[in-house]
Amino acid sequence: MNQPNILIVSDETAFPKVLTNRWRSESVVPAFTLFGSDRNLRFAGDAFDMAMLGGLSDADLRSVLIELSKADKPVLVMVDDPLVKATIGQEFPKCIVFHRAEGWSDVLVTVGSEILARSGAEARAQTAESDRGKLEQEAALGRYVLDARHSVNNALTSILGNAELLLLESANLSPVMIGQLETIRSMSLRIHETLQRFSSLEKELNFSEDTRIGRSRQQAAAC
């Protein structure tokens, strides 16, 4: 999550103004999208990371919550009536409902910031887990290539040796067959060079790992 987007739904002028002004004092300031209850929220889609509602009539509030519940995003609701707070909390248990009182903007910003931070951490964890899975697959493939290198090299030595023996008797071979054998020898040598690079890479990786382990032990001993 780079810059989160907060969807503010309100029919009041003061609610979004106070909320956005308060949030600008935070270290991380999201982008804001303001909708009224008369706007079709279906067009909001997945364009927001969290919704904050306030300054809505009971009927409009329920209508908006029904529509927002389809997006499955965090929703914070500010109401003026404690009874409405209780009923909304029962009807929409996934929402976080607050009773508007002094300092209400501080409450919304504090809770909203915490939710966004947690969502960002979860997204980073999922990305790290996905990256780890890919690295494990690549490491497994690398280990397989290194393990198979010896078998391939043995087979390649046999092919190259037989090609060399046949070329020594080229007087008995047609020009076409000689050309084919020379191609086999040339390609075999090229594959051999590639296998040699694998060997060099393995030595470099082993050296780097030994160096890392040595430094770790030195640091542990120093502590």
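These notes cover the structure that comes with them. Here the structure is a predicted model, which means the values were calculated and not measured.

## Some remarks on the layout of surface pockets
Right, on to step 1. The space that makes up the largest pocket amounts to roughly 230 Å³.
Right, on to step 2. Around the largest pocket, the lining comprises 13 residues; the ones closest to its centre are Pro4, Val28, Ser113, Leu116 and Ala117.
Right, on to step 3. At five residues, helix H4 (residues 104-168) tops the list of elements feeding residues into the lining of the largest pocket.

## Side note on the sheet that holds strand E1 (residues 5-9)
Right, on to step 1. Taken in spatial order, the five strands line up as E2-E1-E3-E4-E5 in an open sheet, and their pairing is parallel. The sheet is open, and its two borders are formed by strand E2 (31-35) and strand E5 (96-99), each paired with just one other strand. Ignoring strand direction, the axes of neighbouring strands in this sheet form an average angle of 20°.
Right, on to step 2. Examined bridge by bridge, E1 and E2 share five bridges and lie parallel to one another. Following the sheet pairing, Val9 is matched in E2 by Phe35.
Right, on to step 3. Contacting E1, strand E3 (50-54), strand E4 (75-79) and E5, H4 crosses the sheet at an angle of about 170° to E4.

## With respect to the nonpolar core
Right, on to step 1. Residues Leu53, Leu61, Leu65, Leu68, Val75 and Val77 are the most contacted members of the largest nonpolar core, which totals 20 residues.
Right, on to step 2. Top element by residues in this core is helix H2 (residues 58-68). It accounts for four residues.
Right, on to step 3. Ignoring anything within four residues of it in the chain, the contact list for Leu53 reads Val9, Phe15, Leu61, Val64, Leu65, Leu68, Val75, Leu76, Val77 and Met78.
Right, on to step 4. Counting 15 residues, the second-largest nonpolar core is a separate cluster that includes Leu19, Leu76, Trp104 and Leu108.

Thresholds applied
Residues numbered from 1 in each chain as written. Predicted model: local features only at pLDDT ≥ 70, side-chain atom pairs only at ≥ 80, totals over all residues. Heavy atoms only, no water. 1 Å grid on protein atoms, 1.4 Å probe; cavity = no way out; pocket = protein on both sides within 12 Å on 5 of 7 lines; lining within 4 Å. Points joined across faces, edges and corners; volume = space filled by probe spheres on them. Helix = DSSP H or I, 4+ residues; strand = E, 2+ residues; numbered from the N terminus. Pairing = 2+ DSSP bridges. Axes fitted to C-alpha atoms, helices over the stretch in contact; angles between N-to-C directions. Contact = heavy atoms within 4.5 Å. Core = buried A, V, L, I, M, F, W, Y, C linked by side-chain atoms within 4.5 Å. Buried < 20%, exposed > 50% of the residue type's maximum accessible area, 1.4 Å probe, protein only.

Any link to function would need more than the numbers given here.
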